[in-house]
Amino acid sequence: MTALTPDLALPAPRPRSRSFGVTRTLAARRFALTARTPRELVVPLVTPVLFALVIAPALKKALHTSASYESYVAVGTIGLLIPLNTMFSGISVLVDRESGARRELLAAPIHRPLLVVGNLLVAVATTALQVGVLLAFAALRRIHFDVTATGLLWFLAVALLFAIAMYGIAETLAARVSRSEEYIARVPAIAIVPWFLAGSLFPVTSLPVVLTWVARFLPLTHALALMRWGLLHDSSGLHNIWRSGNTTATAGLSLGAVALFALLMTAVSMRAFTRAAVR
Amino acid sequence: MTTMEVRHDAAQHAAGRHNDLAIEVRGLTKTYPGGVEAVQAIDFDVERGEVFGLLGPNGAGKSTTIGMLTTTLSPTSGTALLAGLDVARDPVAARQLSSVVFQDPVVDRSFTGRRNLELHARLWGVPADRAATRIAEIAGAFGIADILDRPVSGYSGGQRRRVEIARALVSDPQVLFLDEPTVGLDPRIRHELLDVIDGLHADSEITTLLTTHYLDEAERLCDRVAIMHAGRIVALGTPAELRTSMGDEILELRVDGNTQTALDVLQARGVAGDEAFAVGSTVTIPLRGRSSAETVAGVRELGIATTAITARPPSLDDVYLRLTGDRLGPD
């Protein structure tokens, strides 16, 4: 065997703060692993595309609603796509723990919350890709959007924050359950049930009063209302939540609510990951 | 702690040699939720360049000890220093100095071996050009150059283990942790891997802490061994020191009947000393200078029925049996 350590001095000095490079490495790793399992990208997309392109037009035809209902539901399906994709991304955390390199990553000289950040970046990127595909399909289906530059910014901001928040939930759940079966069993309650209450297919004011109040506290309700304001120039969702006619103010409030939710869930997920990593 | 005469007192061992220590462990304790005391106030030092073995059966606390040293488990109490860095207070810096090869496969299987090695290099902050040189160097030394660009999912168990050990070395660690490195491998591959690990020590001054429940591994690889039992270190010394603590020769009697009664009789009549012990159907008597023929004659005179009598040099297994009453080896 040839000599393995020709220079036995201490390792060369390394920068103490190299968080950016480490995060990029972790995100590249996660992206490469995701790219090797295309079903992680495709499966979450199937249901929302089906809703936007098949079920919404069918509802329009059956219920004789206006063309804008297709647009309404197309945006509503984004509220299903983001939670589904981010929750599916969380499964990869479990796979890493059960049969991947997670312990090698935990033994690395890096701050462990960066492992969450690396996963988060890829979850957000794949979600953005899927939302883009969904909107492209909708446009091809001649579903009408009324987008301005400002509206697009509102949409991008709230979609990003909502995806961050939902990934925080996914990472937290992954840290707290011991088996992937337990994780998957909880996905419908987290990703789908709120969608029915948050004004995805109909305004929240169509719900019984009690549920309308529940809906007002769901982050998804705020996210969908803002997305519709951004992409359809439809402020009715914001009005239904805040009961105010000042759209800019209510949009700001809803964005703040989603941002707070994202901040909270990111902090909780990092804490949950770190606690689960070191027992 | 139950101690043997050969056990080095931790404080004495450390005195005056603090700067030569790669690992210092004092009163390290881990109690899991539910009250399971996996590791109980252990003390030991490992000098720079030393190969130190933690020997014991499954559940002895070996992997828990490595978990605390590599900061994947938090100690309940006590301290552990890696090259003077407290692993609890400065975990990132401590991890910078060390690498781990885990008991189970811990690798990205869909990646090539090379990509796994490169990932380690990046996470440990090894510059890209240095990493490329290191990987080529290690791949040649470990005989994995021809498989390195294939996905790990297609590797045999032995190939994967080599790649995992190679990965741990890419960052030039000062301290290498090997947690049961050969468990689950077939005998041929296991011996090949022992050659690889032995070569590490021969060619470098890397400090290695390995856990094992294989006696031959400990004897072959380790400069010193700590025998762990039920979360405690029950003996510590070089393999030769531990063996000779039972003298040059032992007599092993396979008893046909009540072993404890036989032992009591042998001790009462002076055929066996206080060090003799009984486990299962076997009574083991350290001869301590007495001839085996003389002792066998004493056994015969007492009318103790035996199915086999063997005289042989003591092994680490005998040391362990004497201290714990359990036999080493996989569960």
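These numbers come from a predicted model, not from an experiment.

### Notes on unusual backbone geometry
All names here are of chain A.
Point 1. Positive phi, close to 55°, is recorded for R243, a residue that is not glycine.
Point 2. Position of R243 relative to the elements: it lies in the loop between α10 (236-242) and α11 (247-277).
Point 3. When the 10 C-beta atoms within 10 Å are taken as the criterion, R243 is described as exposed.

### Re the domain arrangement of chain B
Reports often express the size of an interface as the amount of accessible area lost when the parts come together.
Residue and element names in this part refer to chain B.
Point 1. Per the domain assignment, the segments making up chain B are domain 1 (1-97 + 174-243), domain 2 (109-172) and domain 3 (247-313).
Point 2. In this structure, domain 1 and domain 2 have C-alpha centres spaced 25 Å apart.
Point 3. Taken residue by residue, the interface counts nine residues in domain 1 and eight residues in domain 2.
Point 4. Across the side of domain 1 that touches domain 2, the residue classes break down as six nonpolar, two polar and one charged.

### So, the interface of chain B and chain A
Point 1. Contacts between the two partners involve 33 residues from chain B, matched on the other side by 27 residues from chain A.
Point 2. Looking at the side of chain B that touches chain A, the elements that each hand over two or more residues are α3 (91-96), α4 (113-123), α5 (128-142) and α7 (187-203) of chain B.
Point 3. Looking at the side of chain B that touches chain A residue by residue, the classes come out as 14 nonpolar, 12 polar and seven charged.

### Here we look at the pairing of strand β4 (residues 77-82) of chain B
Residue and element names in this part refer to chain B.
Point 1. Examined bridge by bridge, strand β1 (residues 21-32) and β4 share five bridges and lie antiparallel to one another. Across the sheet, the residue bridging to V25 is A80, located in β4.
Point 2. Judged from the two bridges that link them, β4 and strand β5 (residues 85-86) form a sheet pairing that is antiparallel. Within the sheet, the bridge partner assigned to L82 lies in β5 and is L85.
Point 3. Here β4 folds back onto β5 in antiparallel fashion, the turn holding two residues, of which A83 has a positive phi close to 50°.

### Describing the environment of E118 of chain B
Residue and element names in this part refer to chain B.
Point 1. Within the secondary structure, E118 is located in helix α4.
Point 2. E118 gets classed as buried once you count the C-beta atoms within 10 Å, which come to 20.
Point 3. Sequence spacing of E118 and V170 is 52 residues, and the spatial spacing of their C-alpha atoms is 8.3 Å.

Cut-offs applied
Residues numbered from 1 in each chain as written. Chains lettered and ligands numbered in written order. Predicted model: local features only at pLDDT ≥ 70, side-chain atom pairs only at ≥ 80, totals over all residues. Helix = DSSP H or I, 4+ residues; strand = E, 2+ residues; numbered from the N terminus. Buried ≥ 20, exposed ≤ 12 C-beta atoms within 10 Å, placed from the backbone. Domains from an automatic or database assignment. Contact = placed C-beta atoms within 7 Å. Nonpolar A, V, L, I, M, F, W, Y, C, P; charged D, E, K, R; others polar. Pairing = 2+ DSSP bridges.

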